[in-house]
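A structural walkthrough
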Amino acid sequence: MIIVKSSREIELMKEAGRLVAKVFETVEPFIKPGISTYEINEIAEKVIYDGGGSCPCKGYYDYPAGTCVSVNETLIHGIPSKKIILKEGDIVSLDVVASLKGYCADATRTFGVGILKDSVKQLMKVAKDAMFEGAKVAIPGNRVGDISCTIQEYVESFGYNVARDFTGHGIGKNMHEDPSVPNFGIRGTGPLLKPGMALAIEPMILEGRKETRILGDGWTVKSKDGKLTCHYENTIIITENGNEIITLTEGEKNN
Ligand code: MF3
Ligand code: CO
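Here's what I pulled together on the structure shown here. (Residues numbered from 1 in each chain as written. Chains lettered and ligands numbered in written order. Predicted model: local features only at pLDDT ≥ 70, side-chain atom pairs only at ≥ 80, totals over all residues. Heavy atoms only, no water.)

1. Details of the side chain of Thr 67
- Here Thr 67 shows up in strand β1 (residues 67–71).
- Setting aside chain neighbours within four positions, we find Thr 67 in contact with Asn 41, Ala 44, Gly 78, Pro 80, Leu 94, Asp 95 and Val 96. (Helix = DSSP H or I, 4+ residues; strand = E, 2+ residues; numbered from the N terminus. Contact = heavy atoms within 4.5 Å.)

Set out below in structure tokens:
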């Protein structure tokens, strides 16, 4: 069942969205060679707790941390670790869910470490642009499949692939609500979008083949072929005449 949010609930989700954005603003200057994914998570969790929020990921099916920090061929759900240390040329995604006053917001940014190859920069840009392409069609009267198909076609037009085993999702009091929002699909199909719906749109893309594998820790999702991956995500609210993206940083809003 898709829960349509009241204007009061939407205001609370926006507050949670601002807290998620603050995490990215705070973490970004620390993304340098030598930092561990454990330290990145520590900084992120502190922002959330200092802001009065909580981390619904922690303890979710026994997930051990507040955020997911995924490097290079790790697509999603990287468990923060003191042993995973960033080096020049890496890319690292930070997936943040914050719950504040009972409502959640969810977003992911992928950061580059130092100087990146042009091919890596392009992969990052396509993941980000795919989210905004999907958001363009996330408007009342369209369907979830319009978002899915738009993202898939955009990503595949660059010769990349979208992951099939993981999807975006509705969000609200819970970090995962109906509907699921796949990054692949068929235009004109799926649930109808209505004002007050809240969606996490999150292209998860692979430079190589679309297949993924889960490590023995039960969480870490990597590309099966070991090639580079990228993830970009925002939470959006469907409005009367379009949508509002509620997890952008101030810098991103001005871009
Ligand atoms: N942000 C992730 C999502 O969109 C949440 C993963 S948290 C975990 O589903 F607990 F599942 F790791
Ligand atoms: Co999500």
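What follows picks up the thread again.
2. A look at the coordination of the cobalt ion (ligand 2)
- Taken together, Asp 106 (OD), His 169 (NE2), Glu 202 (OE) and Glu 233 (OE) make up the full set of protein donors to the cobalt ion (ligand 2), lying 2.1 to 2.4 Å away.
- Of note, the cobalt ion (ligand 2) draws all its donor residues from one chain, in the sequence arrangement D-x62-H-x32-E-x30-E. On the criterion of sequence distance, the pair formed by Glu 202 in the loop between β8 (198–201) and β9 (204–206) and Glu 233 in the loop between β12 (229–231) and β13 (234–239) is long-range, its members being 31 residues apart.
- The buried category is assigned to Glu 202, whose relative accessible area is 5%. (Donors = N, O, S within 2.8 Å, 3.2 Å for Na, K, Ca; no water. Buried < 20%, exposed > 50% of the residue type's maximum accessible area, 1.4 Å probe, protein only.)

3. Considering the site of ligand 1
- The immediate surroundings of ligand 1 are formed by 13 residues, with Cys 57, Asp 95, His 169, His 176 and Glu 202 found nearest.
- One nitrogen or oxygen atom from the side chain of His 169 is found 2.9 Å from an oxygen atom belonging to ligand 1.
- For ligand 1, the protein covers 96% of the area, taking 330 Å² as the surface of the free molecule.
- Assessed atom by atom at 2 Å from the grid points, ligand 1 resides in the largest pocket.
- Along the lines of polarity and charge, the residues of the shell around ligand 1 split into six nonpolar, three polar and four charged. (Near = heavy atom within 4 Å. Polar contact = N/O pair within 3.5 Å; in protein donor to acceptor, adjacent residues only side chain to side chain. Areas by Shrake-Rupley, 256 points an atom, 1.4 Å probe, with all protein chains shown as cover. 1 Å grid on protein atoms, 1.4 Å probe; cavity = no way out; pocket = protein on both sides within 12 Å on 5 of 7 lines; lining within 4 Å. Sits in = over half its atoms within 2 Å of the grid points. Nonpolar A, V, L, I, M, F, W, Y, C, P; charged D, E, K, R; others polar.)

In short, the description is geometric, and any link to function would need to be established separately.
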